[in-house]
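The primary structure of each chain is shown beneath.
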Amino acid sequence: AQRVTQPEKLLSVFKGAPVELKCNYSYSGSPELFWYVQYSRQRLQLLLRHISRESIKGFTADLNKGETSFHLKKPFAQEEDSAMYYCALGVSSNTGKLIFGQGTTLQVKP
Amino acid sequence: EPEVTQTPSHQVTQMGQEVILRCVPISNHLYFYWYRQILGQKVEFLVSFYNNEISEKSEIFDDQFSVERPDGSNFTLKIRSTKLEDSAMYFCASSDGPPSTDTQYFGPGTRLTVL
């Protein structure tokens, strides 16, 4: 089965604290993993993808095939990081079909 | 910066009526997608479209749904006879190059309410 699981609906941290948003996937093929973010009243936008291995806005994510995970991390959370975060799995390089997780709301308190 | 646009932002319709949701993808993009999100649930893939034909569709995308690129700029999703369970936020997305390498850019969504 092709599935993405984000176990936390809400993650609440204080400014400056480390953040880890969990994502696990189930897929028998070679996975392409993405993190999308949706700030309040804005559209879904790509935050990062595993193949680029870059850090965006201080966030990083490492694909762990052994644990089938792609957790999103940031060492020091900022208030402007408050948003909904979606992990997504690309299951077809030809058609672009993405399978999304349920999403995690990150709330960074001052 | 170019963006995907969608109209209307909110559509209210009666069960059994036809609706057309409109999207204007980013102008040089070649790959187009529709997703939907029922309130409180996951974003779900509906269909992908390239070179004037459907490349993949989900099991949700039954005979009541169709997509069209009527004029080279718009990309539409038609629901022939709406059901209550079609109430959702519908997102259009587009990408420039092959889906495996290029980012999908999402529109702001159309909220469809079926009464």
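Residues numbered from 1 in each chain as written. Chains lettered and ligands numbered in written order. Predicted model: local features only at pLDDT ≥ 70, side-chain atom pairs only at ≥ 80, totals over all residues. Heavy atoms only, no water.

Colleague: So what about the overall build of chain B? Which residues, and what values?
Modeller: Scanning chain B for helices and strands turns up zero helices and 11 strands. The secondary structure elements of chain B, listed N-terminal to C-terminal, are β-β-β-β-β-β-β-β-β-β-β. Scaling as 2.2 N^0.38, a compact globule of 115 residues should have a C-alpha radius of gyration of about 13 Å, and chain B matches this with 13 Å. Considered along the principal axes of its C-alpha atoms, chain B spans approximately 40 × 30 × 30 Å. Going through the 115 residues of chain B one by one, you find that 47% of them count as buried. On chain B, roughly 5600 Å² of surface is accessible, and the fraction owed to carbon and sulfur atoms is 46%. Here chain B contributes 9 positive and 15 negative side-chain charges, whose respective centroids are spaced 6 Å apart. (Helix = DSSP H or I, 4+ residues; strand = E, 2+ residues; numbered from the N terminus. Rg over C-alpha atoms; globule rule 2.2 N^0.38 Å. Buried < 20%, exposed > 50% of the residue type's maximum accessible area, 1.4 Å probe, protein only. Areas by Shrake-Rupley, 256 points an atom, 1.4 Å probe, with all protein chains shown as cover. Lys, Arg positive; Asp, Glu negative; His and termini not counted. Charge placed at Lys NZ, Arg CZ, Asp CG, Glu CD.)

Colleague: Break down the state of the cysteines for me, with residues and values.
Modeller: A full pass over the atoms with the stated rule returns two disulfides over all chains. With a sulfur-sulfur separation of 2.0 Å, C23 of chain A is cross-linked through a disulfide to C87 of chain A. Disulfide C23 of chain A-C87 of chain A: the torsion about the S-S bond is -65 degrees, which places it as left-handed. Of this pair, C23 of chain A sits in the loop between β3 (19-21) and β4 (24-26) while C87 of chain A sits in strand β9 (residues 83-90), placing them 64 residues apart in sequence. Across the pair, C87 of chain A and C23 of chain A agree in class, each one buried. Linked covalently through their sulfurs, C23 of chain B and C92 of chain B form a disulfide whose S-S length is 2.0 Å. (Disulfide = S-S within 2.5 Å.)

Colleague: Which residues make up the sheet that holds strand β1 (residues 5-7) of chain B, and what values do they have?
Modeller: Residue and element names in this part refer to chain B. The strand order across the open sheet built from four strands is β1-β3-β8-β7, with neighbouring strands paired in antiparallel fashion. The strands lining the two open edges of the sheet, one partner per strand, are β1 and β7 (65-68). Taking each pair of neighbouring strands and ignoring which way they run, the sheet shows an average axis angle of 20 degrees. As paired elements, β1 and strand β3 (residues 19-24) share three bridges and run antiparallel to each other. Opposite T7, over in β3, you have R22 as the bridge partner. (Pairing = 2+ DSSP bridges. Axes fitted to C-alpha atoms, helices over the stretch in contact; angles between N-to-C directions.)

Colleague: Break down the side chain of S69 of chain A for me, citing the residues and quoting the values.
Modeller: All names here are of chain A. Note that S69 resides in the loop between β7 (60-61) and β8 (72-74). A relative accessible area of 4% places S69 in the buried class. If sequence neighbours within four positions are ignored, S69 has contacts with C23, N24, Y25, D62, L63 and N64. (Contact = heavy atoms within 4.5 Å.)

Colleague: Give me the nonpolar core: which residues, what numbers.
Modeller: Across soluble globular proteins, you tend to see nonpolar side chains buried next to one another. Judged by nonpolar contacts, the single largest core of 26 residues is most densely connected at W35, L47, L48, F70, L72 and Y85 of chain A. For this core, the secondary structure elements donating two or more residues are β2 (10-14), β3, β5 (32-38), β6 (45-49), β9 and β11 (104-109) of chain A. Counting residues per element, this core draws most heavily on β9 of chain A, which supplies four residues. Setting aside anything within four residues of it in sequence, one finds L47 of chain A in contact with W35, Y36, V37, I56, F59, L72 and Y85 of chain A. Counting residues in hydrophobic clusters, the runner-up holds 22 residues, among them V19, I26, I38 and C92 of chain B. (Core = buried A, V, L, I, M, F, W, Y, C linked by side-chain atoms within 4.5 Å.)

Colleague: Please give an account of unusual backbone geometry that cites residues and values.
Modeller: Excluding glycine, residues mostly have negative phi values, and the peptide bonds linking residues are mostly trans. Cis peptide bonds are those with omega within 30 degrees of zero, and the linkage from T7 of chain B to P8 of chain B qualifies with -10 degrees. The phi dihedral of R41 of chain A is positive, around 65 degrees, even though this residue is not glycine. The residue R41 of chain A is located in the loop between β5 and β6 in this model. Backbone geometry at N51 of chain B places phi at a positive 55 degrees, although glycine is not the residue there. Positionally, N51 of chain B belongs in the loop between β5 (43-50) and β6 (53-57). The exposed category is assigned to N51 of chain B, whose relative accessible area is 61%.

Honestly, it's all geometry; don't read function into it.
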